[in-house]
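Here is what each chain is made of, one letter per residue.
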Amino acid sequence: MKVAIIGGGAAGMMAAAAINELNPKIEVFLIERNESLGKKVIISGGGRCNVTTGIEEIKTVLQNYPRGGKFLTSAMHAFSPTDVYSWFEHHGVPLKCEKDLRVFPVSDNGRDVVGVFEEIFAKNKTELLLGHAVAGIKKENDSFIIKFRNQPEVQADAVVLAVGGQAYRRTGSTGDGYAVAESLGHSIAPLAASLHSFFIQEKWTKQLAGVSFANATITAKGAKSHSRTGAFLFTHTGISGPAVFALSSLTAHESFGENHPLEIFIDFVSEISKDELTEQLKKLIAENPKKSFKNTLHNFVPAKLAGLICDELKFPAELKNAETNKQYLQKSVEWLKHLPLKATGRGAGEEFVTAGGVKLSEVNPGTMESKICPGLYFAGEILDIDGFTGGFNLQASWTTGHAAGEKIATRS
Ligand SMILES: Cc1cc2nc3c(=O)[nH]c(=O)nc-3n(C[C@H](O)[C@H](O)[C@H](O)COP(=O)(O)OP(=O)(O)OC[C@H]3O[C@@H](n4cnc5c(N)ncnc54)[C@H](O)[C@@H]3O)c2cc1C
């Protein structure tokens, strides 16, 4: 049997490796438009490659996929983060789980992850067709004809379409898999950027570029309201960081822009209530009448933000605690607990993943085989599956790639 795996990213490499290891007799063509494998894997996690998550309970793992969690259930049980951890260690890449439960190679080098697959392919019956960009696929009876622009076509008995989404196009995933899937009868759930920063309209936030917060609650109020608590930072153009990325994922399908911004609210002191914050401020004011109010606010937020609060609220320069009144207090508390900002855009082109993709109702969740076109399988980001940051997107690629490979390897 001949199998063509299209896309030499995380999902395609895992599918090919699973076939090689489970049924070495199968002839595998791994087709990749780049001259090397795993370009995105190598740059992922800032080059350190956050391979998977350290969360072991599958139910909790699946909660980290705003889209596709339910679909992934059976495949995730079959090839879980724990299995991925063992798989890489067994193949000679020791891993480590950091405090925040992100898992990386001990070497902190994503190249080692790709190296594992290169070794497997060198030893097995996988023919690498690098520098081959697939232009289309035709199904003729039980066979697939894979067409290229300048190279001879390839015939295969089964195809795994693992060409990724359309995020970070410079790595090779330019989104051309969607048209190929459609040409074979599939439909595509609306595509959108996910895991990105937001551009913010309020110009004063630029002065906070680089200032970070470990535990703020950020709320976006679009068609629905979504909140995330975690770390975030101000940038020269807006806001970024883990909590912002998670929020971007939850609002991936919201439409907003310069003329109709997305309302964002930040609670900088989410660990205490408004009333508690008011009481604590009152106490500090009473105990330190000569201290500047700005420095009192600095008990709760970085000095730069405390200064900006006083400036933006037009408080007198060098306002002392003794000179404050109920209004100063109320306005400051409101600002600290409910700062309104307007998001005017997404950090386009810099998003980490694509939300949307091949409709999951058209794919068998256990095997990743198409319900429409037998012999066609999907794996990775081309599917309508995307997760939060923390190793969940690579995990989905390993899981779906493995499921497709395993099914093909055990096909009679
Ligand atoms: C900067 C960045 C950092 C990230 N960091 C992490 C992280 O640390 N942890 C995590 O879990 N996720 C991370 N992600 C997300 C994760 O990398 C992706 O979700 C995952 O790599 C998708 O794997 P894939 O195999 O589906 O697609 P891809 O990795 O995109 O692979 C698809 C492959 O198909 C090839 N291809 C495309 N079209 C064709 C064609 N027509 N013909 C032939 N070949 C084609 C492409 O060249 C590419 O090599 C990150 C993403 C980015 C952009």
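Here the structure is shown first, and the text comes after it.
Let me begin by describing the structure that accompanies this report. Owing to the predicted nature of the structure, the values given are computational and were not obtained by experimental measurement.

Criteria and thresholds
- Residues numbered from 1 in each chain as written.
- Predicted model: local features only at pLDDT ≥ 70, side-chain atom pairs only at ≥ 80, totals over all residues.
- Buried ≥ 20, exposed ≤ 12 C-beta atoms within 10 Å, placed from the backbone.
- Helix = DSSP H or I, 4+ residues; strand = E, 2+ residues; numbered from the N terminus.
- Contact = placed C-beta atoms within 7 Å.
- Axes fitted to C-alpha atoms, helices over the stretch in contact; angles between N-to-C directions.
- Parallel < 35°, antiparallel > 145°, perpendicular 65-115°, else oblique.
- Nonpolar A, V, L, I, M, F, W, Y, C, P; charged D, E, K, R; others polar.
- Near = placed C-beta within 6 Å.
- Pairing = 2+ DSSP bridges.

1. Some details on helix α11 (residues 303-312)
Considered for burial, the residues of α11 that qualify are L305, A306, L308, I309 and C310. Where the residues of α11 are buried, they touch α10 (293-297) and α12 (326-337). K314 lies just past α11 and shows a positive phi near 60 degrees.

2. Re the packing of helix α4 (residues 69-78) against helix α13 (residues 392-409)
Packed helices, taken two at a time, are described by their axes: the angle between them and the distance between them. α13 packs onto α4 with a crossing angle of 80 degrees between their chain directions and a minimal axis gap of 9 Å. Overall, the two elements α4 and α13 adopt an arrangement that is roughly perpendicular. In this structure, α4 uses L72, A75, M76 and A78 to contact α13, whose residues at the interface are A396, T399, T400 and A403. Of the residues contributing to the contact of α4 with α13, the split by class is 6 nonpolar, 2 polar and no charged.

3. A look at the site of the ligand
Lining the immediate surroundings of the ligand are 39 residues, of which G7, G9, G164, G172 and G380 lie closest. Of all the secondary structure elements, the ones that give two or more residues to the shell around the ligand are α1 (10-22), β2 (27-32), α2 (39-43) and α13. Split into classes, the residues belonging to the shell around the ligand amount to 17 nonpolar, 16 polar and 6 charged.

4. Observations concerning the sheet that holds strand β7 (residues 134-140)
In any sheet, the strands associate via hydrogen bonds between backbone groups, in a parallel or an antiparallel arrangement. Reading across the sheet, the 3 strands line up as β7-β8-β9 and stay open at both edges, with antiparallel pairing between neighbours. Across the chains shown, the open sheet's two edge strands, defined by having one partner strand only, are β7 and β9 (154-156). Taking the axes of each pair of neighbouring strands and ignoring which way they run, one obtains an average angle of 25 degrees across the sheet. In the sheet, strand β8 (residues 143-148) pairs with β9 via 3 bridges, with the strands oriented antiparallel. Residue pairing for β9: I146 is matched across the bridge by V154.

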